[in-house]
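Structural overview for review
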Amino acid sequence: MIDEFSLSSITIATPEKVLSNASITVTQGKIKDFSKSSEKDYQFDKSSILFPAIINAHDHLFGTYYPKVGTGTYICWLPWDYDLKSSPVYEERNRNTPFEIYLIGAYKNLISGVTTVHDHIPHHINEPYIDKLPVRVLKDYTLAHEASVYDLKWGDGIDVEHRRAVQKNVPFVTHIEEGFDRESMRGIDVLEDYKALSEHTVLIHGIGFSDDDIKTIAKRKANFVWCPGSNMYMFAKTARIKEIIDAGINVSVGTDSPASGELNILHEIRFAKKIYNEMYGKDLEDKMIVRMITVNPAKAFRVQDRLGSLEKNKIGDMLIIDGEKKDPYASLVNADFKDISLVFRAGMPMYGDKRYEHIFKDFGQEYSHITVDGGEKLIVGDPQTLMETVRKNAGYKKELPFLPI
Ligand SMILES: [Zn+2]
């Protein structure tokens, strides 16, 4: 075990600012300072860039499987859900235990640089698994499935769940206006009627938002999570993201499950950049995108005192990528599997290049060797054996492209 260590000669994107040739010291899992103040120091090369580890603001870990399901453009999420649950892919997925699926979902996130996930699902479903996963799954939230008459009835009702969120100072999370039928598009009005729109509210999807909806959300200081990959796949349309950003709403990016969304958060942010450009003929700034997977979700999920940025006393959740130090933000937005070179969760190495094996050894971390997309990597636990189980359960050599091992 190592109590205190420094990482030095590294570019640090906090992400508010960029520090060149910098150092950071972590003590007992938390950031101590930005100097080389520990005797245990690890030097990096000039292409290494340190970010806060990524927060995936919207996933359904129990839905982690492949390929995507669906037949075309839907009016709302409900007919897609019927297609999902009657598909051969769904049947094949369910040959795995819930814990196996949760583990696959956790590894999908970890190898894309994510250490914190919001798994939008009732507590009684994910509670048995989340403490055994290699990523942190946020535990403190209340929820609804959606604000419509045909939603999946998660939680104790919108008004009760939102009130509970305010009392406990945790987020209230719900899908919203994920469709274009009249019922879907009443979503924000329904939340207003229940007085469930506040700074505690985290709204997912919002592809049906009107101008008035956007104004109301901004006025109530509610948070928004954008899942452009999932939206475009199911509806060939996504939320009016420029209008939402321009209204001053706190925006995060989430993957949704790979049953409809992009493969992982890295693919999702690249897709976000591309779709924004197609919709508006302008570039969504890379720094803004990096905020959407770090500080913004930390604020939305009310963990900004612990996570989402590199600051003194915050948890040492850190991501090192191989990139171009002249433009760290673009490097992260363009990163892929091979560029994720080291991931720490609470000051412990969780995943990284084989060249960092000495760090895993120093920390006494238990790890296995895997090949990810052709690169030799080290990872906590044993996803290789997990994949063998998945293949045995499927009855053929199943490939999961978000876990290319
Ligand atoms: Zn969702």
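A short tour of the structure in this document, coming up. The numbers attached to residues start from 1 for each chain and follow its sequence in the written order. In view of the model being predicted, local features appear only for residues whose pLDDT reaches at least 70, and side-chain atom pairs are presented and counted only at 80 or more, with totals across whole chains, interfaces and linings using the full set of residues. Side-chain measures here rest on the full set of heavy atoms in the structure, leaving out hydrogens and waters.

Before going further, it helps to spend a moment on the sheet that holds strand 6 (residues 54–59). Two strands are said to pair when DSSP picks up at least two bridges between them. A run of H or I in DSSP becomes a helix once it reaches four residues, and a run of E becomes a strand once it reaches two; helices and strands are each numbered from the N terminus. The three strands are arranged 6-7-8 in an open sheet whose pairing can be described as parallel. Two strands in the sheet have a free side with no partner beyond their single neighbour: strand 6 and strand 8 (136–137). Both strand 6 and strand 7 (residues 114–119) contribute to a ladder of four bridges, which runs parallel. What sits directly across from I55, in strand 7, is T116.

Attention now moves to empty space enclosed by the protein. The definitions used throughout rest on a 1 Å grid laid over the protein atoms alone, on which a cavity is an enclosed set of points accommodating a 1.4 Å probe that cannot get out and a pocket is an open set flanked by protein within 12 Å on both sides along at least five of seven lines; lining residues are those having an atom within 4 Å of a point. Grid points are joined across faces, edges and corners, and a volume is the space filled by probe spheres set on the points. All chains considered together, the criterion is met by two cavities of 30 Å³ or more. The calculated volume of the largest cavity comes to roughly 60 Å³. The wall of the largest cavity is formed by G63, Y65, Y66, P67, V69, L84, V89, Y90, R93 and A259. Three classes are used: nonpolar for Ala, Val, Leu, Ile, Met, Phe, Trp, Tyr, Cys and Pro, charged for Asp, Glu, Lys and Arg, and polar for all others, with Gly counted as polar. Along the lines of polarity and charge, the residues of the lining of the largest cavity split into eight nonpolar, one polar and one charged. In this structure, the second largest cavity occupies an estimated 40 Å³ of space.

Here a donor is an N, O or S atom found within 2.8 Å of the metal, or within 3.2 Å if the metal is Na, K or Ca; sites may look incomplete because water is not among the atoms. The protein atoms that coordinate the zinc ion are H58 (NE2), H60 (NE2), H175 (NE2) and D256 (OD), at distances of 2.1 to 2.6 Å. Just to be clear on the cut-offs, tetrahedral is four donors with all angles between 85 and 135 degrees, square planar is four donors and octahedral six with opposite donors over 155 degrees apart and all others between 65 and 115, and anything else goes down as irregular. One way to put it: the four donor atoms around the zinc ion meet at angles of 88 to 168°, and that makes the site irregular.

With that out of the way, let us pick up the sheet that holds strand 12 (residues 223–226). The five strands are arranged 9-10-11-12-13 in an open sheet whose pairing can be described as parallel. Each end of this open sheet is capped by a strand with a single partner; those strands are strand 9 (142–146) and strand 13 (250–253). Strand-to-strand twist of the sheet, defined as the mean angle between neighbouring strand axes without regard to direction, takes the value 20°. Note on contacts: a residue pair is in contact if any heavy atoms of the two residues lie within 4.5 Å. A fitted line through C-alpha atoms represents every axis, and for helices the fit uses only the stretch in contact; the resulting angles, taken between N-to-C directions, go from 0 to 180 degrees. On top of the sheet, helix 5 (residues 158–168) reaches strand 9, strand 10 (172–176) and strand 11 (201–205); it is set at about 150° to strand 9, its chief contact.

At their nearest, the axes of helix 8 (residues 228–235) and helix 10 (residues 265–280) sit 8 Å apart, and the two run at 65° to each other. Classified by the angle their axes make, helix 8 and helix 10 are roughly perpendicular. From helix 8, P228, G229, S230 and M232 reach across to helix 10, where they touch E268, F271, A272 and I275. Considered class by class, the residues forming the contact of helix 8 with helix 10 number five nonpolar, two polar and one charged. Working definition: roughly parallel below 35 degrees, roughly antiparallel above 145 degrees, roughly perpendicular at 65 to 115 degrees, and oblique for all remaining angles.

The subject of this paragraph is helix 3 (residues 98–110). A helix's residues, less one, multiplied by 1.5 Å, set its expected span. Here helix 3 is 13 residues long and its end C-alpha atoms lie 18 Å apart, about the 18 Å a rise of 1.5 Å per residue gives. Relative accessibility decides the category of a residue: with a 1.4 Å probe and only protein chains considered, values under 20% of the type maximum give buried, values over 50% give exposed, and everything between is partly exposed. Most of helix 3 sits inside the fold, with 11 of its 13 residues counted as buried. Among all positions of helix 3, only E100, I101, Y102, L103, I104, G105, A106, Y107, K108, N109 and L110 are buried.

Glancing now at the packing of helix 3 against helix 15 (residues 383–394). Across the interface, helix 3 lies against helix 15 with an axial gap of 11 Å and an inter-helix angle of 130°. As summarised for this structure, helix 3 and helix 15 are arranged oblique, according to the angle between their axes. Helix 15 is crossed by helix 3, and the crossing has left-handed handedness. On helix 15, the residues that touch E100, L103, I104 and Y107 of helix 3 are P383, L386, T389, V390 and N393. Note on convention: near helix rotated counterclockwise from far helix by under a right angle means a left-handed crossing. Clockwise means right-handed.

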